[in-house]
Amino acid sequence: MISRRSLLAAASIMPLASLGLGGVVPAHAQQKQVKLQLAWLYNAASAGEIVALKKGYFTEKGLDVEILPGGPNSNTVQEALSGVAQIATTYAPEIMYGANQGLPIKTFGAAFQKAPLTFYSLGEANIKTVADWKGKRIGAGQGATAQVKAVLDHSGLKFEDITFIQAQIPGLLQDQVDVVASWPTNVAQNAPVLQHAGGYNTQSIWDNGLQFQSNYYIARTDLIESDSDMLAKFLEACDKGWAYAADNPEEAIDMVASMSSAIEKDKELASLKVIVADFIYTDETREHGFANISKDRWNATLQTYARIGEIKPELTADDVFDDRVLVAAQRTKR
Amino acid sequence: MSIDRSVGTTAAPLPRIWSIFPSPDAARALGMAMLGLTLTLIIWQLIIVLFKVPTYLVPAPTDVAGAVSRDLPLLLEAAVPTITEAFFGFLLGNTVALLVAVSFVYNKVVEEMFYPVAILIKTIPIVAIAPVLKIILGNGIEPKIVIAALICFFPTLVNSVRGFRAVNPQLLELMRVLSASKTEVFLRVRVYSALPYIFSALKISVTMCVLGAIVGEWIGANKGIGYLLLQSMFDFNAPRLFATILTASVIAITGFAIVSMLEKWIIRWDPGVAM
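Residues numbered from 1 in each chain as written. Chains lettered and ligands numbered in written order. Predicted model: local features only at pLDDT ≥ 70, side-chain atom pairs only at ≥ 80, totals over all residues.

A.B. asks: Hey, could you run me through the environment of Lys240 of chain A in this one?
C.D. replies: Residue and element names in this part refer to chain A. Mapped onto the fold, Lys240 is located in helix H10 (residues 228-247). As a C-alpha pair, Lys240 and Gly48 span 192 residues in sequence and 7.8 Å in three-dimensional space. Ignoring sequence-local partners within four residues, the contact set of Lys240 consists of Ala52 and Tyr57. (Helix = DSSP H or I, 4+ residues; strand = E, 2+ residues; numbered from the N terminus. Contact = placed C-beta atoms within 7 Å.)

So this is what it looks like as structure tokens:
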């Protein structure tokens, strides 16, 4: 039964709600405050989460989510650990290094089913496989040396067989490197290579022995154990957000742009289309559902990283991944 | 009691705040600077055109000008949070530095104990400490202000300690003869001897605090010059990147000009030290 007092309280809030929150479902008292720390700035790679926020999917699930932007100096594992954010997104190597240090952090879902990192070379260089990298100059970001090592190891090469240079796409075009790492999702940034008259070749880490996923959702292990229900709701809202972004990419990019003035919509739109088609939805999500994670893949990746000396060999999938949230959540198979 | 400070003053006793270019010499200096700048831009443009340097690598001045006019609202919008962070960082860093400097000057033990700490703070790589500050202070404007303040702190501390000490001994002697209190000595002698030093430091820190704010924005922001720099770099949008760099420079130069004007306005005596 509704008491007089709560009715009065509701009546006094209503004009406020209609003023400030026009159209959005008013926050209930039981709404849980959740902060999501992104690994990177607001862009197409976080379109699903931003759509879930803007369309009120988190609110529907009883979550009051705040999405915090990241950047190159942002350490999201540390932020999830310290409690600045309950949930963060990060990449596979960070999770492995965290587990290697015994940090109480695990992943409970992966928005990107495949890590996109791909190595590009110009057609003239005639680099068809990783074996052709021998004696070549390989460019990648500073943090990508382990991935390069793993890919080399898979093809029977050593890190000493190549020259590692910190570089991006312009480095390839300026002939500072023979091969350069980039994300195929960055369609516009890669355009000079994709449109190169002499063609181009690619080797992805996925096809070369390093099958980890990307844009993992992480949380403290104690939170996953104590409140997997909240995390499952969070995942369901993200699921819905990504599905909406996949069906309405233009609108999704408008929502992303409303949170970050500097993005170039046409570039982000091209990027979002590739992300959705090749990375969010794959055969595995069709079979198991959104944000799926495979334990076997984790074990294989951990073994690879242990072999190249990046982490200790005794780590297993259970040290980096907790499947209870994926099991609990109602996930779209698409 | 008052001390005649006009001895040695050469400029007219007019309000000097508006007379940035008081003499034909200064006008000539400005003209020459503009000429040099224009020449540099012409050479830059020629190199880009002649050697067909691609825009994504280095944009021509005309590309940058195009980006400035196209993205002006965006640049202005980004400047507001950065200026705010830099301004409050400047205030915080310099206020703390001045207070610490005063405590150093009046208490030898404090100086012996905490001067090494101040040096330690100076040697911290800001880029490394920034993520930690974000975890302590959250995602708002606070870590950015503190980073800007950290950068401002040391130059002002060192210079003002030196300034407070750089007192003419005869003047101190005179104050003693006149049985002035410690407060009087501080307000009427030490502050005046320190001001030229402090302003030298402020001129350094006013440009540095903009840098601090930008570094602060790199740990996580969706607005500001730092954010715009990152997004432009990520997009390989070199013209906008250069336009953003230009905006950061304009902010720093404006800050420098404001501090210089304040200096001319406040220091009307001949400080007798090179600045």
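From this point, the narrative continues.
A.B. asks: I keep staring at the sheet that holds strand E5 (residues 118-122) of chain A and nothing clicks. Help me out?
C.D. replies: Where strands meet in a sheet, backbone hydrogen bonds hold them as pairs that are either parallel or antiparallel. All names here are of chain A. Spatial ordering of the open sheet is given by E7-E6-E8-E5-E9, a layout of five strands whose pairing is mixed. Here the strands that pair on one side only, and so sit at the sheet edges, are strand E7 (163-166) and strand E9 (200-204). Each adjacent strand pair in this sheet contributes to an overall mean axis angle of 25°, direction not counted. Bridge count between E5 and strand E8 (residues 179-182): three bridges; the pairing is antiparallel. Considered in E8, the bridge of Thr118 is made with Ser182. (Pairing = 2+ DSSP bridges. Axes fitted to C-alpha atoms, helices over the stretch in contact; angles between N-to-C directions.)

A.B. asks: Is there a simple way to explain the UniProt feature "domain: SsuA/THI5-like" (unreviewed entry) in chain A in this structure?
C.D. replies: In the numbering used here, UniProt assigns the feature "domain: SsuA/THI5-like" (unreviewed entry) to residues 44-252 of chain A. From the first C-alpha to the last, residues 44-252 of chain A spans 8 Å; its make-up is 39% helix and 22% strand. (UniProt positions renumbered as here; feature names shortened; annotations may be inferred.)

A.B. asks: I keep staring at the interface of chain B and chain A and nothing clicks. Help me out?
C.D. replies: A common way to report how large an interface is uses the accessible area buried once the components associate. Between chain B and chain A, the contact holds 22 residues from the first and 26 residues from the second. The set of elements that each furnish at least two residues to the side of chain B that touches chain A consists of helix H2 (61-106), helix H4 (126-137) and helix H8 (225-234) of chain B. When its residues are assigned to classes, the side of chain B that touches chain A shows 14 nonpolar, five polar and three charged. (Nonpolar A, V, L, I, M, F, W, Y, C, P; charged D, E, K, R; others polar.)

A.B. asks: I would appreciate a short explanation of the domain arrangement of chain B in the present structure.
C.D. replies: Residues and elements named next belong to chain B. What the domain assignment lists for chain B is domain 1 (19-53) and domain 2 (58-266). One C-alpha centre belongs to domain 1, the other to domain 2, and the line joining them spans 28 Å. Between domain 1 and domain 2, the residue contacts involve seven residues of the former and five residues of the latter. (Domains from an automatic or database assignment.)

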